[in-house]
Amino acid sequence: MSVRVRFAPSPTGSLHLGSARTALYNWLAARAAGPEGTFILRIEDTDRERSTPEHVDAALRIFRWLGLDWDEGPGVGGAHGPYFQGERASRYAAHARELLEAGHAYECYCTAEELATRREGHAASDRAWTYDGRCRDLSDAEREERRAAGTPASIRFRVPTGRSVTFQDLINGESSFESDLLGDFIIVRSSGDAVYNFACAVDDALMEVTHVIRGVDHLSNTPRQVLLLEAMGRPVPTYAHVPMILGPDGRKLSKRHGAASVEELDRAGYLPVGICNAVALLGWNRDDDTTVMSMEEMVEAFDPARVNKAAAAIDYRKLDWINGQHLRALEPAAFEAAWQAWADRWLDPQDPRNAGAASVDAATVRILVQEKVARFGEVPGLLAFLASDAAIAPEAWEKLDAVEPLPRVLAAASEVVTACADQDRWSPEAIEEGIRALVGSLEVKPRELFNPIRLAITGQRVSPGLFESAWALGAGTVRDRLEHVRTESMDRRGAASGSTDR
RNA sequence: GCCCCGUUCGUCUAGUGGUCCAGGACACCGGCCUUUCACGCCGGCAGCACGGGUUCGAAUCCCGUACGGGGUACCA
């Protein structure tokens, strides 16, 4: 079955997580239909202020980055273009004219001010205010008179009275609304611009959209659009109104909650597939025990009819976990490429906090952190010790001071390092072999050996594995740090015992 | 106000009248592994919003209440 879906963002510069999920669901629905599926990207750039070319570019870039490629739309064209609403004005005008001629719409001469006054005068008691129909049944002579007076007219849709408008919604089931509650609504402003509901109906009709997957905030627009489609003699698509995404506190998701947009998650170092996976699970699941899925697996399993009705609160900790799973599953080359791409965009090498991470290549980063982090944003902190001027953290000193055999452990480690380097065996494995042998020869407990060495060379309470860290640092630096801590610790011990004498 | 929608562990969810004294995942707690952290493994805590029905039987069906949300524009 042919599936034509569309996502219609207004390019405001950032993609909200809720929108990202809606876009993803559309994309999944299209891809699930195989060659019969078409994902259309339509840009709602009617807001001249915000719809700058830069914002449009940014929007397209974020879709590409997420992996949501489109079959029709900006840059790829298609048989139903143009795909910018700003370029479709003539189509809206033509359809408005047809509706006017067929009697499905009429000119309205009420001004915005008049309408506001009448609305205020309406008793707020029972029914919601709807257009009072003042211009609905004007005679030709009366219309002529108004026109002569020069009042710019808007165009209203003549909503049929006394019927219920019913449509199919995959998520909410069959939905229906009373047409009498709608009121004749405006489809073309007195300025001549099409109003959203009308533009949307025309576009969906002309683009032959079969399934409209969008946020629930559009649910109450649907009866209007259905009525318009019917009046235009066009088929009514199947709808799927997806629920909202809430912040961790259960309130509407906003910047206040941290990352509310895809850009922010990118900056924080999440993978596209991690974001898609996590966001897809907010309201949908494959079965009762699948959490981590690739894009392909999601395509295979996605079913809009299985999307929940209830809004879901995002849990960033679960996002972290899911992303970590994807990160760990990456092949070496893929991990390195993803890291490099992220670092190129977000890692400012001038920032001293990034000095460690910026000093090594992608392969080294991979060896050091792939098993440890949930997202790339954690890497600079974890690799800070690689900076040439990295210092020992106070907490690290506290632990070092507590290690009784510290001097001989460090001295022995230093010898191992020298030996490895001299024999041209500078690898994590060789270092590990040499250090482990010390447990026996020094007759110390493993934790009395490994931990102090790790603390001495990284200076961090939390760090990558000891052997990999040493390897990445290089023999010279490791020896220097070992020696530095050894002498320093003796001074500290001397000072400490001196003070107890007093 | 009016229209519409929602409500299962802290969070995401499975569940469509008996197989549910409600299953999984994240988080949390405990243990194991262990060079820190993380990973991994094992175990634990914790939930059907409330009140009425219907039924031999209800998380599942109906009604109501509470709470939350969306809409109610010459916004999108």
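Asks: Break down the overall build of chain A for me, citing the residues and quoting the values.
Replies: The number of helices and strands found in chain A is 21 helices and eleven strands. Taking 2.2 N^0.38 as the reference for a compact globule, 502 residues should give roughly 23 Å; the C-alpha atoms of chain A span a radius of gyration of 32 Å, well beyond that estimate. Classification of the 502 residues of chain A by burial places 48% in the buried group. If you take every contact in chain A between residues at least 6 apart in sequence, the share linking residues at least 24 apart comes to 73%. When the accessible surface of chain A is totalled, it reaches about 23,900 Å², and 49% of it is carbon and sulfur. Seen as two clouds, the 57 positive and the 75 negative side-chain charges of chain A have centres 4 Å apart.

Asks: How would you explain the packing of aromatic side chains if you had to name every residue and give the values?
Replies: For the structure shown, the criterion picks out eleven aromatic pairs. Judged by centre distance (6.0 Å) and plane angle (40°), the ring pair of Trp342 and Phe376 falls under tilted. Note that Trp342 is positioned in helix H12 (residues 332–346) and Phe376 in the loop between helix H14 (362–369) and helix H15 (379–382), a separation of 34 residues in sequence. The exposure classification of Trp342 matches that of Phe376, with both residues buried. Following the ring pairs from residue to residue traces out a cluster consisting of Phe335, Trp339, Trp342 and Phe376. A cation over an aromatic ring shows up here: Arg156 above the ring of Tyr131, its NZ or CZ 3.5 Å from the ring centre. Arg224 extends its terminal NZ or CZ atom over the ring of Phe185, reaching a point 5.7 Å from the ring centre.

Asks: Account for the side chain of Arg42, naming residues and giving values.
Replies: Relative to the elements of secondary structure, Arg42 occurs in the loop between strand E2 (37–41) and helix H2 (53–66). When its relative accessible area of 0% is taken as the criterion, Arg42 is described as buried. At 3.0 Å, the side chain of Arg42 forms a polar contact with the side chain of Asp204. Setting aside chain neighbours within four positions, we find Arg42 in contact with Arg6, Phe7, Ala8, Pro9, Tyr83, Gln85, Cys200, Asp203, Asp204 and Met207.

Asks: Outline the domain arrangement of chain A, supporting the account with residue identities and numerical values.
Replies: Examined at the domain level, chain A breaks down into domain 1 (3–84 + 245–313), domain 2 (88–242), domain 3 (330–378) and domain 4 (394–497). One C-alpha centre belongs to domain 3, the other to domain 4, and the line joining them spans 25 Å. Of the roughly 450 Å² buried at the junction of domain 3 and domain 4 (both faces included), carbon and sulfur atoms supply 82%. Among the residues of domain 3 in contact with domain 4, Ile367, Leu368 and Lys372 are the three that bury the most area, contributing 77% of the side total. Remark: the boundary between domain 3 and domain 4 carries zero salt bridges. At the boundary of domain 3 and domain 4, one finds zero residue pairs in polar contact (both at pLDDT 80 or more). Tallied by class, residues from the side of domain 3 that touches domain 4 come to two nonpolar, one polar and one charged.

Asks: Kindly report on the pairing of strand E4 (residues 154–157), identifying the contributing residues and their values.
Replies: Of the two faces of E4, the one holding Ser154 and Arg156 and the one holding Ile155 and Phe157 are both buried throughout. Of the pairings in the sheet, the one linking strand E3 (residues 105–108) to E4 comprises four bridges and is antiparallel in character. In the sheet register, Ala105 faces E4, and the bridge partner there is Phe157. Bridge count between E4 and strand E7 (residues 186–188): two bridges; the pairing is antiparallel. From the neighbouring strand, Arg156 faces E7, where its bridge partner is Ile186.

Asks: If you had to explain the pattern of salt bridges to someone new, which residues and values would you point to?
Replies: Counted by the stated rule, this structure contains 22 salt bridges. Between Arg366 and Glu336 there is a salt bridge, with the nearest N and O atoms lying 2.4 Å from each other. Highlighted residues: Arg366 in helix H14 and Glu336 in helix H12, separated in sequence by 30 residues. Look at the salt bridges and you will find they share partners, linking Arg6, Arg42, Arg88, Asp203 and Asp204 into a network.

Asks: How would you summarise the nonpolar core if you had to cite specific residues and measurements?
Replies: Among the nonpolar cores identified, the biggest contains 109 residues, and Trp339 and Ile435 are the most heavily contacted of them. Of all the elements, helix H1 (residues 17–32) adds the most residues to this core, at nine residues. Leaving out residues up to four positions away in the same chain, Trp339 has contacts with Leu347, Ala357, Ala362, Val365, Phe376 and Val379. By size, the runner-up hydrophobic cluster in this structure holds 31 residues, among which are Tyr92, Val165, Ala194 and Val212.

Asks: With reference to specific residues and values, describe helix H19 (residues 446–458).
Replies: Every α-helix winds through 3.6 residues per turn, so residues three or four apart in the chain are directed the same way. Its 13 residues give H19 an end-to-end C-alpha distance of 18 Å, which sits within 8% of 18 Å, the value for a rise of 1.5 Å per residue. The complete set of buried residues in H19 reads Leu449, Phe450, Pro452, Ile453, Arg454, Leu455, Ala456, Ile457 and Thr458. Looking one or two places after H19, you find Gly459, whose phi comes out positive at around 70°.

Asks: Quick one: what's the story with the environment of Ile322, residue by residue and with numbers?
Replies: The topology assignment puts Ile322 in helix H11 (residues 316–329). For Ile322, a relative accessible area of 2% corresponds to the buried category. Sequence separation of Ile322 and His257 is 65 residues, and the distance between their C-alpha atoms is 19 Å.

Asks: Which residues make up the sheet that holds E7, and what values go with them?
Replies: Strands sit in the order E3-E4-E7 across an open sheet of three strands; the sheet is antiparallel. If you trace the sheet from one side to the other, it starts and ends with E3 and E7, each paired once. In this sheet, adjacent strand axes meet at a mean angle of 45° when their direction is disregarded. Relative to E3, helix H3 (residues 89–101) is tilted by about 100°, and along the sheet it contacts E3, E4 and E7.

Asks: Please give an account of unusual backbone geometry that cites residues and values.
Replies: With an omega of -5°, the peptide bond running from Gly81 to Pro82 counts as cis. Within the fold, Pro82 resides in the loop between H2 and H3. For Glu208, which is not glycine, the phi torsion reads 55° and is therefore positive. Within the secondary structure, Glu208 sits in the loop between helix H6 (196–206) and strand E8 (211–215). With a phi angle near 60°, Asp424 is a residue other than glycine that sits in the positive phi range. Looking at the element boundaries, Asp424 is found in the loop between helix H17 (406–422) and helix H18 (428–442). In this structure Asp424 comes out as exposed when scored by relative accessible area, which is 71%.

Quick notes on the rules
- Residues numbered from 1 in each chain as written.
- Chains lettered and ligands numbered in written order.
- Predicted model: local features only at pLDDT ≥ 70, side-chain atom pairs only at ≥ 80, totals over all residues.
- Heavy atoms only, no water.
- Helix = DSSP H or I, 4+ residues; strand = E, 2+ residues; numbered from the N terminus.
- Rg over C-alpha atoms; globule rule 2.2 N^0.38 Å.
- Buried < 20%, exposed > 50% of the residue type's maximum accessible area, 1.4 Å probe, protein only.
- Contact = heavy atoms within 4.5 Å.
- Areas by Shrake-Rupley, 256 points an atom, 1.4 Å probe, with all protein chains shown as cover.
- Lys, Arg positive; Asp, Glu negative; His and termini not counted.
- Charge placed at Lys NZ, Arg CZ, Asp CG, Glu CD.
- Phe/Tyr/Trp six-rings, centres within 6.5 Å; stacked < 30°, edge-to-face > 60°.
- Lys NZ or Arg CZ within 6 Å of the ring centre and 35° of its normal.
- Polar contact = N/O pair within 3.5 Å; in protein donor to acceptor, adjacent residues only side chain to side chain.
- Domains from an automatic or database assignment.
- Buried area = accessible area lost by both parts, 1.4 Å probe.
- Salt bridge = Lys/Arg side-chain N within 4 Å of Asp/Glu carboxyl O.
- Nonpolar A, V, L, I, M, F, W, Y, C, P; charged D, E, K, R; others polar.
- Pairing = 2+ DSSP bridges.
- Core = buried A, V, L, I, M, F, W, Y, C linked by side-chain atoms within 4.5 Å.
- Expected span 1.5 Å × (residues − 1).
- Axes fitted to C-alpha atoms, helices over the stretch in contact; angles between N-to-C directions.

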